[in-house]
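Chains, contacts and geometry: an overview
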Amino acid sequence: MVDGSQIFLQKRLYACEWQVGSPHLMAVLQQEGLFNISLYLTNLSNADDANNILNDLLEITKMHRECLESLLSSMIKNNFSEWKFSLAIFNFILTSVSQDDRLFVKKFVESFFWKACITRSEQKFQIFLLFIREISYASGEAKKTTYATWYKATISEMTYKIQPEDFRVTIAYLINFTHLEEDMDFLNVHIKTYISAPARCQDIVQEFKQISRIRLNSLTTQTEKLEKVVQVSGDEDCDCVIFID
């Protein structure tokens, strides 16, 4: 007796719009164990098909470790550009994978963080921040708690694992990105979480916390103004919107 997955495979294989060699067909073959997506995606000449393959895999199966490894490996490459789609895939993975795969992601991201610090690579550090944000957002209501846990395990513990100059450079990266931060929960974590600093580095930690406070106050003010505007515009007796300065 032919099961549902085999029927699905046959329909996909013989669909007129899916030609042999198409990324859609490859996604099906990956699901059936007849195609190795890891080997395929590591070939730069196949980069244009990567998004389509991953997109189809979302439709027909949960991500396996092999696909997860391929995605993470692609995202840390210097010439990678498909961030919007890939972060969405990464978020999906985090909401559906097993505990073992979550542990794999945790170790991968932590290792990548320390590499970013030691090599003083702002690009790697930015990628780390993207990873940790998606991990936090995938936690739903536990977003702030998840972010705080990651923050304590990495930023707060830097002084014990890297040189003082690497520490200063990493905090400087955080300061640069704080000006762009839009999440007030994350800023609260930055302000309230203790960072153990090496000798002659306490000044830059205090600067970072102060800039985080300034950014948080700015966002809070913007939010309060918006709430007042919404409140006024929602008044049935008022036919205008008043912007309060």
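Note that the structure is a prediction, hence the values are computed from the model and not measured. (Residues numbered from 1 in each chain as written. Predicted model: local features only at pLDDT ≥ 70, side-chain atom pairs only at ≥ 80, totals over all residues. Heavy atoms only, no water.)

**A few points about helix α7 (residues 99-119)**
As a reminder, the rule being used: A run of DSSP states H or I qualifies as a helix once it reaches four residues; a run of E qualifies as a strand once it reaches two. Both are numbered from the N-terminal end. Multiplying 1.5 Å by the helix residue count minus one yields the expected span of that helix. Two residues qualify as a contact provided that any one of their heavy atoms is within 4.5 Å of a heavy atom in the partner residue.
End to end, α7 covers 30 Å across 21 residues, agreeing with the expected 30 Å (1.5 Å per residue, within 8%). Tucked into the core, α7 has its buried residues touching α5 (65-75), α6 (83-94), α8 (122-137), α9 (143-153) and α10 (164-178). Arg120 lies just past α7 and shows a positive phi near 55 degrees.

**Observations regarding the environment of Arg213**
Mapped onto the secondary structure, Arg213 falls in helix α12 (residues 202-233). On a C-alpha basis, the gap between Arg213 and Met184 in space is 10.0 Å, while along the polypeptide they are 29 residues apart.

**Describing the packing of α7 against α8**
Heads up, the condition is: Interaxial angles span 0 to 180 degrees and are taken between N-to-C directions of axes, which are lines fitted to C-alpha atoms, for helices over the stretch in contact. Every angle not falling under 35 degrees, over 145, or within 65 to 115 is termed oblique; those three ranges are roughly parallel, roughly antiparallel and roughly perpendicular. We call a crossing left-handed when the near helix sits turned anticlockwise from the far one by less than a right angle, and right-handed when that turn is clockwise. Amino acid classes used here: Ala, Val, Leu, Ile, Met, Phe, Trp, Tyr, Cys and Pro are nonpolar; Asp, Glu, Lys and Arg are charged; the rest, including Gly, are polar.
Between α7 and α8, the shortest axis-to-axis distance is 9 Å and the interhelical angle comes to 155 degrees. Taken together, the axes of α7 and α8 are roughly antiparallel relative to one another. The way α7 lies across α8 gives a crossing that is left-handed. On α8, the residues touching Val105, Phe108, Val109, Phe112, Phe113, Ala116 and Thr119 of α7 are Lys124, Phe125, Ile127, Phe128, Phe131 and Ile135. Looking at the contact of α7 with α8 residue by residue, the classes come out as 11 nonpolar, one polar and one charged.

**Things to note about the layout of surface pockets**
Note the following rule: A pocket here means an open set of points on a 1 Å grid, computed over the protein atoms alone, that has protein on both sides within 12 Å along at least five of seven lines. A cavity is instead a set of points where a 1.4 Å probe fits but cannot get out; residues with an atom within 4 Å of a point line either one. Grid points are joined across faces, edges and corners, and a volume is the space filled by probe spheres set on the points.
Each pocket or cavity is described by its volume, and for the second largest pocket that value is around 260 Å³. Taken together, 13 residues form the lining of the second largest pocket, with Leu129, Arg133, Phe177, Leu180 and Glu181 sitting closest to its centre. Elements supplying a minimum of two residues to the lining of the second largest pocket: α8 and α10. Looking at the lining of the second largest pocket, the element that brings in the most residues is α8, giving five residues.

**Here's the deal with the packing of α6 against α8**
Following both chains from N to C, one finds α6 and α8 inclined at 45 degrees, their axes separated by 9 Å at the closest point. As the angle between them shows, α6 and α8 are arranged oblique. Crossing hand, α6 versus α8: right-handed. Touching Trp83, Leu87, Phe90, Asn91 and Leu94 of α6 are Ile127, Leu130, Phe131, Glu134, Ile135 and Tyr137, all from α8. Of the residues assigned to the contact of α6 with α8, the class counts are nine nonpolar, one polar and one charged.

**With respect to the side chain of Thr178**
Selection criterion: A 3.5 Å cut-off defines polar contacts: any pair of N or O atoms within that distance qualifies, except that in protein one atom must be a possible hydrogen donor and the other a possible acceptor, and neighbouring residues in sequence count only when both atoms are side-chain atoms.
Following the sequence through the fold, Thr178 ends up in helix α10. In this structure the side chain of Thr178 is engaged in a polar contact, spanning 2.7 Å, whose partner is the backbone oxygen of Leu174. Those residues in contact with Thr178 that lie beyond four places of it in its chain are Leu187, Phe208, Ile211, Ser212 and Arg215.

**Some words on the pattern of salt bridges**
How we decide: Salt bridges are identified by distance alone: a Lys or Arg side-chain nitrogen within 4 Å of an Asp or Glu carboxyl oxygen.
Under the criterion given, the structure shown has seven salt bridges. Between Asp166 and Arg120 there is a salt bridge; the shortest N-O distance is 2.5 Å. In this pair, Asp166 sits in helix α10 while Arg120 sits in the loop between α7 and α8, placing the two residues 46 residues apart along the sequence. Here Arg133 and Glu181 are joined by a salt bridge, their closest N and O atoms 2.7 Å apart. You can see Arg133 sitting in helix α8 and its partner Glu181 sitting in the loop between α10 and α11 (184-192), a full 48 residues away along the chain.

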